[in-house]
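A structural walkthrough
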Amino acid sequence: MKIANGKVVSIHYKLQSDTGETLDSSEGREPLAYLQGHGNIISGLENALVDKGVGDKLKVSVKPEEGYGERSDELVHSVPLSEFEDASQIQVGTRIRVETNHGEHIAVVTSIEDDVAKIDLNHPLAGETLHFDVEIMEVRDATEEELSHGHVHGPGWHHHH
Ligand code: ZN
């Protein structure tokens with residue numbers, strides 16, 4: 001069975017940065033299962049897997065525009081420490097949840113100067129070219145329910161409805 005829209009695909013993968021640093025890997029875990037054609041994974045990887053089948057191994061390099069986007073300076077904000085609920089918890093590297101017009105995001109504190117924190121809402125992998133090693137472990141038809149929800153159900157899937 002070949003990978004096409006509406007198939008549930010399980011992959012083992014390793015993700016490396018341009019400099020060869022391993023950023024993420026499914027090693028030692030269950031394969032990642034996703035529903036093809038529903039934007040469950042970044043488009044550059046999803047597109048590269050079309051027509052592949054079980055046992056196929058491939059290397060895929062994904063540019064930022066098909067990955068997590070380019071970094072944007074507009075997503076870096078200056079916030080006075082007095083606006084935080086508990087400013088004593090705010091340090092460089094702290095991850096905080098912020099509400100924006102586009103929903104809830106995770107931001108990272110990148111600097112603190114003169115009682116003002118700079119928080120960065122860019123995705124941590126924005127601007128990065130991503131290099132995947134992928135092995136396809138399983139391909140199956142999605143159930144009606146999975147198709148209507150737009151995601152995979154099954155072991156390891158934590159359902160939020
Ligand atoms: Zn569901």
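Residues numbered from 1 in each chain as written. Predicted model: local features only at pLDDT ≥ 70, side-chain atom pairs only at ≥ 80, totals over all residues. Heavy atoms only, no water.

**A look at the sheet that holds strand S8 (residues 116–120)**
Strand pairs in the sheet, formed through backbone hydrogen bonds, run parallel or antiparallel to each other. Keep this limit in mind: One bridge is not enough; two strands pair if DSSP finds at least two bridges between them. Only DSSP runs of H or I covering at least 4 residues are called helices, and only runs of E covering at least 2 are called strands; the numbering of each starts at the N terminus. Helix axes are fitted only over the stretch in contact, all axes being lines through C-alpha atoms; the angle between N-to-C directions runs from 0 to 180 degrees.
Taking strand neighbours across the sheet as the criterion, the four strands line up as S5-S8-S7-S6 in an open arrangement whose pairing is antiparallel. The open sheet has two free edges, formed respectively by strand S5 (76–80) and strand S6 (95–100), since each of these has just one partner strand. Averaged over all adjacent pairs, the angle separating strand axes in this sheet is 45°, with direction ignored. Here S6 pairs with strand S7 (residues 103–113) via six bridges, running antiparallel. When the sheet's bridge partners are listed, Val 98 is paired in S7 with His 105.

**A short note on the domain arrangement of the chain**
In plain terms, the rule: These domain limits were set by an automatic method or by a database of domain assignments.
Examined at the domain level, the chain breaks down into domain 1 (7–68 + 127–149) and domain 2 (73–120). If you average the C-alpha positions of domain 1 and of domain 2, the two centres end up 31 Å apart.

**Remarks on the pairing of strand S2 (residues 22–25)**
The pairing of strand S1 (residues 7–16) with S2 spans three bridges and is antiparallel. Each bridged residue has a counterpart across the sheet, and for Gln 16 the counterpart in S2 is Thr 22. Hairpin connection between S1 and S2: a loop of five residues separates the two successive antiparallel strands, and Gly 20 in this loop has a positive phi of roughly 90°.

**Quick word on the environment of Gly 20**
Defined as follows: Only protein chains enter the accessibility calculation, which uses a 1.4 Å probe; a residue is then buried when its area is under 20% of its type maximum, exposed when over 50%, and partly exposed in between.
Inspection of the secondary structure puts Gly 20 in the loop between S1 and S2. The class for Gly 20 is partly exposed, based on a relative accessible area of 41%.

**Comments concerning the nonpolar core**
Keep this limit in mind: Among buried residues, those of type Ala, Val, Leu, Ile, Met, Phe, Trp, Tyr and Cys that are joined through side-chain atoms within 4.5 Å constitute a nonpolar core. Two residues qualify as a contact provided that any one of their heavy atoms is within 4.5 Å of a heavy atom in the partner residue.
Leu 45, Leu 49, Phe 132, Val 134 and Ile 136 are the most contacted members of the largest nonpolar core, which has 19 residues in total. At the level of secondary structure, the elements contributing two or more residues to this core comprise S1, helix H1 (43–49), strand S4 (57–62) and strand S9 (130–141). Ranked by residues supplied to this core, first place goes to S9 with five residues. Not counting chain neighbours up to four residues away, the residues in contact with Val 134 comprise Ile 11, His 12, Tyr 13, Leu 45, Leu 49, Asp 56, Lys 57 and Leu 58. Ranked by size, the runner-up nonpolar core spans eleven residues in total, among them Phe 84, Ala 107, Ala 117 and Ile 119.

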